[in-house]
Every structure is written in C-alpha cells, then in structure tokens.
Amino acid sequence: MPELPEVETIRQVLMPQLAGRTITNISVRHPDVIAASSAPEFIEALTGAVFTTLERRGKFLIAKTNKGNVIIHLRMTGCLIVAPENHPEEKHTHLVFSLSDKKELRFSDTRRFGRFYLIRNENDMEKSGITRLGPEPFSPEMNQTYIYEGLHNTRRAVKTCLMDQSFIAGIGNIYADEILFRAAINPLKAGNRLSEEEVRRLFSTIAPTLLYFIDKNRITPEDYLQTKGKEYRNTPYLQIYGHEGEPCPRCGTRLEHTVVGGRGSTYCPVCQCL
C-alpha cells in the first residue's frame, strides 16, 4: 500500500499537470470505485469542473475543483497517472477523467480496493475516513508531548501504535520499521514501556525519516509516466524493511523477522533489543 512518502510523490507529480485543467468527460468503467455517491452523480457533479489543487492528508489525496472536492484513497494497488489521450492504457483502468489539454487522468487498480469520494457534505467526509485521522507527522500538533501521552497508557506494541492512522496519519508497515530502527526501539515493545529517552528518540525520528524518503523518491513526470506510476526510487534506501536475514547496517547482526499486529516486521535484535 502506498504510504505517506509515496502518496506525497504522486501529489507532487500530478498537481502541476492538473491545476487549471477542465474535466471535459468522465468514464467510469467500474462503478464500485466511486464511493459516497452513484457513478451518474459523480459524473454530473464533476464534468466541467476545473482542478484547482491537489492536497494530501495522511495516505489520502484531496483533489479540489471549482465545483467541489474528491477524496481519493489508493488503498493497496491503486495508481494515478496523467497521460496523453493516445498513450496506451493500463490494464485494470477503472476511471478516466478527460482533460481540456488533451490528456487524461487515469486510475487503475489491480485489486479494485481504491475509492473516490465525492464530497458534498460532512457525511461524505465521514464515509471517506479522513475525519478520523490523527495529526500529520509534520504538523505542530505532532510534538513530543503528544507522542508520550498517546503511548504511556497503552500496552499495544509501539509499531501497532505508529500504524494507527487515528494516532498519526500516513505511517504504514514500511516506514514504521524504518522509523523504529532509526530510533533503536523494538517494534514489539509496549507503548507504556517506552522510556522518556525512547519517546524523545521516536519523536525526533518520525518526521526526518519520512522527509528523507520523500526526497529520495523525487521523480520527473516523464519518468513517472514511463514507469506507470508503480515504481518508487526510495526502495534502495530502505535500511531494514525487506532485509530479513541480512546483516544489520549498524552492527552487522542478522536481521530477524516477527509479526506485529498481523504485519511482518524486520528488526535488529541487538540495536532494537527489548
């Protein structure tokens, strides 16, 4: 599933290609990708709308137009690209916005879990799940006190807490592993067992880690289209996720695998001891 760095990359690539473009036509191939409204309502509401900006909230994208907003959740395999009209279409393309500059905004999704929410009222916002998100990792609200208060009364594993979108928006399995490795905290350690020093390290690691991977993932619109929006450039910089059985990049110990909250986790038993 795309996490905050990947969704931010998509936003940075697509926003300049969408801003100021008019939606001239909408083709809905699979109505189940449209949520909080019917496909005909979605088409009627947005045909003729002009994109004004593209924002991100956690793992969500918010496409704003002069006729209303659309909240997009890519889920596990969703992909958004802007392509010329004559560019070959990806398999599993479920939604196409024709644009005034003879290009198309296309949504493809192998597993068809991604959703587009037409936002007409507060109830639609609730349905999208965006109102239940915790603070952004880069926001003033996400400070050391917030982290401490969110963890000191819970026996949940700290990794489970990091992936809880109501606690902090945008962190998933990949970057939870990377953050905890950099903070030298075992992913299985209960939140209420973290020392003040560990809380300090955790807080001081979250935002820099995410910003680091956003920076490493920068890509031109041309390369993004060529790779079909499915490849990310930050993978070689992952220190621990996906490296089970390899030497720890810090101490050389064999990296181990465990399961936290139903998700596979990689950690160093020495650098991240319980």
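Caption draft 1: Geometry of the pairing of strand β7 (residues 93-99). When you tally the buried positions in β7, you get seven out of seven residues, the bulk of the element. Where strand β1 (residues 23-28) lies against β7, five bridges are found, and the strand directions are antiparallel. Its bridge partner lying in β7, S27 is registered against V96. Here β7 runs beside strand β8 (residues 103-109); their pairing, made up of five bridges, is antiparallel. Across the sheet, the residue bridging to T93 is S108, located in β8.

Caption draft 2: Quick peek at the sheet that holds strand β3 (residues 51-57). As summarised here, the arrangement of the five strands in space is β2-β9-β5-β4-β3, forming an open sheet in which the pairing is mixed. Because the sheet does not close on itself, it has two edges, and the strands there are β2 (34-35) and β3. For strand β4 (residues 60-65) and strand β5 (residues 68-73), the ladder comprises six bridges, and the chain directions are antiparallel. Counted as the bridge partner of L61 is I72 from β5. Where helix α1 (residues 4-18) meets the sheet, its contacts fall on β3 and β4, and the angle it forms with β3 comes to roughly 175°. Each of β2, β4, β5 and β9 (115-119) touches helix α2 (residues 39-46); the most contacted strand, β9, lies at about 60° to it.

Caption draft 3: Structural view of the layout of surface pockets. Roughly 530 Å³ of volume is contained in the largest pocket. If you trace the largest pocket, you find 25 residues lining it, with M1, P2, E3, M76 and I174 closest to the centre. Mapped by element, the contributors of at least two residues to the lining of the largest pocket are β6 (78-84) and α6 (173-182). Per-element accounting of the lining of the largest pocket gives the leading share, three residues, to α6. For the lining of the largest pocket, the residue count by class is eleven nonpolar, nine polar and five charged.

Caption draft 4: Representation of the pattern of salt bridges in the model. Here the structure, examined in full by the defined rule, presents 19 salt bridges. For the salt bridge of R29 with E89, the shortest nitrogen-to-oxygen distance reads 2.8 Å. Placement of the pair is R29 in the loop between β1 and β2 and E89 in the loop between β6 and β7, with a sequence separation of 60 residues. Looking at R29, the relative accessible area reads 36%, which means it is partly exposed. Three or more residues are tied together by salt bridges with common partners; here these are E8, R11, R56, R57 and E136.

What counts as what
Residues numbered from 1 in each chain as written. Predicted model: local features only at pLDDT ≥ 70, side-chain atom pairs only at ≥ 80, totals over all residues. Heavy atoms only, no water. Buried < 20%, exposed > 50% of the residue type's maximum accessible area, 1.4 Å probe, protein only. Helix = DSSP H or I, 4+ residues; strand = E, 2+ residues; numbered from the N terminus. Pairing = 2+ DSSP bridges. Contact = heavy atoms within 4.5 Å. Axes fitted to C-alpha atoms, helices over the stretch in contact; angles between N-to-C directions. 1 Å grid on protein atoms, 1.4 Å probe; cavity = no way out; pocket = protein on both sides within 12 Å on 5 of 7 lines; lining within 4 Å. Points joined across faces, edges and corners; volume = space filled by probe spheres on them. Nonpolar A, V, L, I, M, F, W, Y, C, P; charged D, E, K, R; others polar. Salt bridge = Lys/Arg side-chain N within 4 Å of Asp/Glu carboxyl O.

Worth remembering: the numbers are spatial, not functional.
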